[in-house]
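Take a look at the letters that make up each chain.
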Amino acid sequence: GAVVSQHPSRVICKSGTSVKIECRSLDFQATTMFWYRQFPKQSLMLMATSNEGSKATYEQGVEKDKFLINHASLTLSTLTVTSAHPEDSSFYICSAIEGDTLSYEQYFGPGTRLTVT
Amino acid sequence: DAKTTQPPSMDCAEGRAANLPCNHSTISGNEYVYWYRQIHSQGPQYIIHGLKNNETNEMASLIITEDRKSSTLILPHATLRDTAVYYCIVLRTGNQFYFGTGTSLTVIP
């Protein structure tokens, strides 16, 4: 089945630094990838939609200059949290849609736990 | 956007059927209903989806009312590993999923 991986699974960084999270579709080509954020005991919140080769579309209230998204290939999207602060500590999850199918099923990665100290 | 409403929590005895309801009264005619679940600290897992007809797969059954304003996910024989948060999502145009608060299902031994 379709598998999505994320790296790293956990990361701790100091306030003011930047951290990059990778999302890869391992056995399919993903024309569209999505990034979500989830705070403890809350639901997933969609941050942005990323289409290969074009700029990401951000949801209202999500700062595009703080959360940089790059989708340079059909199997890789990256999320960079710039100048991270403790309030950015969260569980970040990506998902992908297989490019050559009419199904809109999203395949989710295992998530990345970011802690900013 | 078609919003969904789910009970915040439910319990189910192991081996019994778990019936998880979802209201989506503002759904449009061409919007699909998707169900995912999330086990603690993992990414969501796809369960099933449907448009108008009832659907069944190896994991669950999905019953959609004729007016499409609500649906029920049925796990026929719940196990302890089915303890998770279950999300009912209406897929809007553009492929984006907007997650509601979900139902926290606890399967009791």
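Residues numbered from 1 in each chain as written. Chains lettered and ligands numbered in written order. Predicted model: local features only at pLDDT ≥ 70, side-chain atom pairs only at ≥ 80, totals over all residues. Heavy atoms only, no water.

What follows deals with the layout of surface pockets. Quantified by volume, the largest pocket comes out at close to 470 Å³. Lining the largest pocket are 20 residues, and of these Gln38(A), Lys41(A), Gln42(A), His40(B) and Val85(B) sit closest to its centre. Sorting the residues of the lining of the largest pocket by element identifies strand 8 (84-91) and strand 9 (103-108) of chain B as the ones contributing at least two each. Along the lines of polarity and charge, the residues of the lining of the largest pocket split into eight nonpolar, ten polar and two charged. (1 Å grid on protein atoms, 1.4 Å probe; cavity = no way out; pocket = protein on both sides within 12 Å on 5 of 7 lines; lining within 4 Å. Points joined across faces, edges and corners; volume = space filled by probe spheres on them. Helix = DSSP H or I, 4+ residues; strand = E, 2+ residues; numbered from the N terminus. Nonpolar A, V, L, I, M, F, W, Y, C, P; charged D, E, K, R; others polar.)

Here we come to the nonpolar core. General note: in soluble globular proteins, nonpolar side chains tend to be found buried as a group. Counting 25 residues, the largest nonpolar core has Val4(A), Trp35(A), Phe67(A), Leu79(A), Tyr92(A) and Leu114(A) as the members making the most contacts within it. For this core, the secondary-structure elements that each account for two or more residues are strand 2 (10-13), strand 3 (19-25), strand 4 (30-38), strand 5 (45-51), strand 7 (67-73), strand 8 (76-81), strand 9 (90-98) and strand 11 (112-116) of chain A. Apart from residues no more than four positions distant in its own chain, Leu114(A) is found in contact with Val11(A), Cys13(A), Val19(A), Val81(A), Asp88(A), Ser89(A), Ser90(A) and Tyr92(A). By size, the runner-up hydrophobic cluster in this structure holds 21 residues, among which are Cys22(B), Ile27(B), Ile47(B) and Val90(B). (Core = buried A, V, L, I, M, F, W, Y, C linked by side-chain atoms within 4.5 Å. Buried < 20%, exposed > 50% of the residue type's maximum accessible area, 1.4 Å probe, protein only. Contact = heavy atoms within 4.5 Å.)

With that out of the way, let us pick up the interface of chain A and chain B. The interface of chain A with chain B comprises 19 residues on the first partner and 17 residues on the second. Where chain A meets chain B, there are zero salt bridges. Applying the counting rule to chain A against chain B returns six residue pairs in polar contact (both at pLDDT 80 or more). Elements supplying a minimum of two residues to the side of chain A that touches chain B: strand 4, strand 5 and strand 9 of chain A. By residue class, the composition of the side of chain A that touches chain B is ten nonpolar, six polar and three charged. (Salt bridge = Lys/Arg side-chain N within 4 Å of Asp/Glu carboxyl O. Polar contact = N/O pair within 3.5 Å; in protein donor to acceptor, adjacent residues only side chain to side chain.)

With that settled, the discussion passes to the sheet that holds strand 3 (residues 32-38) of chain B. All names here are of chain B. Strand order in the open sheet formed by five strands is 1-9-8-3-4, and the pairing between neighbours is mixed. The two strands at the open ends of the sheet, each matched to only one other strand, are strand 1 (9-13) and strand 4 (45-50). Going across the sheet, the axis of each strand differs from the next one's by a mean of 25°, ignoring polarity. Sheet analysis places strand 3 next to strand 4, joined by five bridges and oriented antiparallel. (Pairing = 2+ DSSP bridges. Axes fitted to C-alpha atoms, helices over the stretch in contact; angles between N-to-C directions.)

Residue and element names in this part refer to chain A. Counted by the stated rule, this structure contains two disulfides over all chains. Between the sulfur atoms of Cys23 and its disulfide partner Cys94 the distance amounts to 2.0 Å. Since a negative S-S torsion denotes a left-handed disulfide, the Cys23-Cys94 link at about 80° is right-handed. On the criterion of sequence distance, the pair formed by Cys23 in strand 3 and Cys94 in strand 9 is long-range, its members being 71 residues apart. (Disulfide = S-S within 2.5 Å.)

The subject of this paragraph is the pattern of salt bridges. Residues and elements named next belong to chain B. Per the stated rule, a full pass over the model turns up three salt bridges over all chains. One salt bridge connects Arg37 with Asp82, and the closest N-O pair in it is separated by 2.8 Å. With Arg37 in strand 3 and Asp82 in the loop between strand 7 (70-75) and strand 8, this pair connects stretches of sequence that are 45 residues apart.

Assignment of secondary structure puts Gln106(A) in the loop between strand 9 and strand 10 (107-108). It is 5.4 Å that separates the C-alpha atoms of Gln106(A) and Ala96(A), two residues lying ten residues apart in sequence. Those residues in contact with Gln106(A) that lie beyond four places of it in its chain are Phe34(A), Tyr36(A), Ser95(A), Ala96(A), Ile97(A), Tyr36(B), Asn95(B), Gln96(B) and Phe97(B). Side-chain polar atoms of Gln106(A) contact the side chain of Tyr36(A), separated by 2.9 Å. Within polar-contact distance, the side chain of Gln106(A) engages the side chain of Ser95(A) at 2.7 Å.

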